[in-house]
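Summary of the model geometry
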Amino acid sequence: MPKGYWIAHGDVSDPEGYEAYKAANAAPFAEFGARFVVRGGKQTLEEGTARSRTVVIEFPSIEAAYACYNSAEYQAAKALREPIALTDMVIVEGYDG
């Protein structure tokens, strides 16, 4: 079964507020088996446009990725992030070939 991934690009305007978001998302991420593959490390734009921060989170399945995003716990964490970060995010099924 292919894994599921969240791929997010964001610009954070309040780093302290973002720490509160990170603390709030820890429980739903643990519940749904999330594993950070990329968490805001050094990046270089090679093509197109991008935001300053990139995050890739792996889930055991695409269903787990959607369930985490739609959970009440993650939606509460997301409400903390929305006023302090502009974010583009996709949920994508991994390649199992």
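This write-up is about the structure you can find in this document. Per chain, residues are indexed from 1 in the order of the written sequence. Local features in a predicted model are, by the rule used here, given only for residues with pLDDT of at least 70; side-chain atom pairs are given and counted only at 80 or more, and totals for whole chains, interfaces and linings are based on all residues. In computing side-chain values, all of the structure's heavy atoms are included and hydrogens and water are not.

**Quick look at the packing of helix 1 (residues 15–31) against helix 3 (residues 72–81)**
- Helix 3 packs onto helix 1 with a crossing angle of 165° between their chain directions and a minimal axis gap of 8 Å. Classed by the angle they form, the pair helix 1 and helix 3 counts as roughly antiparallel. Viewed along their axes, helix 1 and helix 3 form a crossing whose handedness is left-handed. Every residue of helix 3 that contacts helix 1 at Tyr18, Ala20, Tyr21, Ala24, Asn25, Pro28, Phe29 and Glu31 is listed here: Glu73, Tyr74, Ala77, Lys78, Leu80 and Arg81.
- Looking at side-chain class alone, the contact of helix 1 with helix 3 contains nine nonpolar, one polar and four charged residues. A fitted line through C-alpha atoms represents every axis, and for helices the fit uses only the stretch in contact; the resulting angles, taken between N-to-C directions, go from 0 to 180 degrees. Starting at the N terminus, helices and strands are each numbered in turn, a helix being any DSSP run of H or I of at least four residues and a strand any DSSP run of E of at least two. Here roughly perpendicular refers to angles of 65 to 115 degrees, roughly parallel to angles under 35, roughly antiparallel to angles over 145, and oblique to all remaining angles. Crossing handedness: left-handed means the near helix sits turned counterclockwise from the far one by under a right angle, and right-handed means the same turn made clockwise. For this analysis, residues touch if any pair of their heavy atoms sits within 4.5 Å. Note on residue classes: Ala, Val, Leu, Ile, Met, Phe, Trp, Tyr, Cys and Pro are nonpolar, Asp, Glu, Lys and Arg are charged, and everything else, Gly too, is polar.

**A few points about the pattern of salt bridges**
- One speaks of a salt bridge when a side-chain nitrogen belonging to Lys or Arg is within 4 Å of a carboxyl oxygen belonging to Asp or Glu. In the structure shown here, the tally under the stated rule is six salt bridges.
- With a closest N to O distance of 3.0 Å, Asp11 and Arg51 form a salt bridge. Of this pair, Asp11 sits in strand 1 (residues 4–12) while Arg51 sits in the loop between strand 2 (35–39) and strand 3 (53–59), and the two are 40 residues apart along the sequence.
- Overlapping salt bridges bring together Lys3, Arg35 and Glu58 as one network.

**A closer look at the sheet that holds strand 2**
- DSSP bridges decide pairing: two strands pair if at least two such bridges lie between them. In space, the four strands of this open sheet follow the order 2-3-1-4, with antiparallel pairing throughout. Two strands in the sheet have a free side with no partner beyond their single neighbour: strand 2 and strand 4 (85–93). Across the sheet, the mean angle separating the axes of adjacent strands is 15° when strand polarity is ignored.
- Lying over the sheet, helix 2 (residues 62–70) contacts strand 1, strand 3 and strand 4, oriented at roughly 150° with respect to strand 4.

These figures capture arrangement, not role.
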